[in-house]
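Commentary on secondary and tertiary structure
Residues per chain, in single letters:
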Amino acid sequence: MEGTNPVNKKLAAALSGGAVLVLALTGCGGDDSSDKLNSWAKQVCEGVQPQAKKIEAANAAIQKQTSDSSQPADVQKTDAQAFQDMSDAYKAMGTAVRKAGAPDVEDGEKKQKAAVAELNQLSTSYASLKKQVEELDTEDQAKFADGLKDIATELNKLSESGNDALKALEEGDVGQAMAQQASCKSASASASVSATTS
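In this text the structure is predicted, and so the values were computed from the model without any measurement.

This paragraph deals with the overall build of the protein chain. Helix and strand content of the protein chain: 8 helices and 0 strands. The order of helices and strands in the protein chain, counted from the N terminus, is α-α-α-α-α-α-α-α. Considering the protein chain as a whole, with its 198 residues, one finds that 47% of them fall into the buried category. Long-range contacts, defined here as pairs at least 24 residues apart, represent 84% of the contacts in the protein chain between residues at least 6 apart.

Below, the discussion takes up helix α4 (residues 108–134). If you check α4, its first and last C-alpha atoms are 39 Å apart, about what 27 residues at 1.5 Å a residue would give, namely 39 Å. The complete set of buried residues in α4 reads Gly108, Gln112, Ala115, Val116, Glu118, Leu119, Leu122, Ser123, Ser125, Tyr126, Leu129 and Val133.

This brings us to the confidence of the model for the protein chain. Here the protein chain averages 80 in pLDDT, while 76% of its residues score no lower than 70. Across the protein chain, the secondary-structure element scoring lowest on mean pLDDT is helix α1 (residues 5–23), at 61, and the one scoring highest is α4, at 94. Low pLDDT, under 50, characterises residues 27–31; the stretch is placed with 15 contacts to residues that sit more than four places away or in other chains. Of the regions scoring below 50 in pLDDT, residues 190–198 engages in 15 contacts with residues more than four places distant in sequence or in other chains.

Residues Leu11, Trp40, Phe83, Tyr126, Ile151, Leu155 and Met178 are the most contacted members of the largest nonpolar core, which totals 41 residues. Of all the secondary-structure elements, those providing two or more residues to this core are α2 (35–64), α3 (72–100), α4, α5 (141–161), α6 (164–169) and α7 (173–179).

With a phi close to 60°, Asp107 is a non-glycine residue in the positive phi region. Tracing the chain through its elements places Asp107 in the loop between α3 and α4. Residue classification places Asp107 among the partly exposed residues on the basis of a relative accessible area of 43%.

Looking at the secondary structure, you find Met86 in helix α3. Met86 sits 40 residues away from Tyr126 along the chain, and the two C-alpha atoms are 6.4 Å apart.

What follows is about the pattern of salt bridges. Summed over the entire model, instances satisfying the criterion amount to 6 salt bridges. A salt bridge links Lys130 to Glu134; its shortest N-O distance comes to 3.4 Å. One end of the pair is Lys130 and the other is Glu134, both in helix α4 and 4 residues apart, which spans about a single turn. Note that Asp146 is salt-bridged to Lys149, the shortest N-O span being 3.9 Å. Here Lys149 and Asp146 lie together in helix α5, a separation of 3 residues that amounts to about one turn. Classification of Asp146 as partly exposed rests on a relative accessible area of 42%. Assessed through its relative accessible area of 38%, Lys149 is described here as partly exposed.

A word on the packing of aromatic side chains. Considering all chains together, one arrives at 2 aromatic pairs under this definition. Taken together, a centroid distance of 6.3 Å and an interplanar angle of 35° make the contact between Phe83 and Tyr126 tilted. Remark: Tyr126 occurs in helix α4 and Phe83 occurs in helix α3; sequence separation between them is 43 residues. Note on accessibility: Phe83 and Tyr126 belong to one class, buried. With 5.5 Å between their ring centres and 10° between their planes, Tyr90 and Tyr126 make a pair best called stacked. Taken together, the residues Tyr90 in helix α3 and Tyr126 in helix α4 connect sequence positions 36 residues apart. On the basis of relative accessibility, which here comes to 0%, the residue Tyr90 falls in the buried class.

Taking 1.5 Å per residue as the helical rise, α3 with its 29 residues ought to reach 42 Å, and the 42 Å between its terminal C-alpha atoms agrees with that figure. Positive phi appears at Gly101, one or two residues downstream of α3, with a value of about 80°.

The rules behind each value
Residues numbered from 1 in each chain as written. Predicted model: local features only at pLDDT ≥ 70, side-chain atom pairs only at ≥ 80, totals over all residues. Heavy atoms only, no water. Helix = DSSP H or I, 4+ residues; strand = E, 2+ residues; numbered from the N terminus. Buried < 20%, exposed > 50% of the residue type's maximum accessible area, 1.4 Å probe, protein only. Contact = heavy atoms within 4.5 Å. Expected span 1.5 Å × (residues − 1). pLDDT = per-residue confidence, 0-100. Core = buried A, V, L, I, M, F, W, Y, C linked by side-chain atoms within 4.5 Å. Salt bridge = Lys/Arg side-chain N within 4 Å of Asp/Glu carboxyl O. Phe/Tyr/Trp six-rings, centres within 6.5 Å; stacked < 30°, edge-to-face > 60°.

Here is the structure:
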């Protein structure tokens, strides 16, 4: 029987690109922020960090399910759960950014609202991928592999297009304030990006 390995590896590779989205919420550099902004950054980083870990664990679960011996039904179950976890995590991130309010910077409210909308959209997209993977035919290996290819394509699109508003939120003083937060540094480090020490 033909293994699902190459296709699921594509899926895993596409997912690792999604880690970039999480890192858009982890600052890098500087130590020049107001107390008000530091307080905002602390609240956001503390809300985001557990979710970044959840997304990383979901990525790892899919990576693990990439051997030739993996059965379609097992792959389906693992991937569906991973997408559910990611959907929940992005939704929780959106809530954390919304609850923190607007950062004390120019256009802070506009940037915050755009970032929340983007995180909620990501949550919806991963929920949709979960539905897609659950509907795949695990009895037919070739059909299943084709279905996973389509999902990997969707994931690639997500990782390429998903973080403009998050980047905008984190520009300038906001990024500097976030860089000082231990929780943002550990979120960044946990996704294999060297955190900046302040």
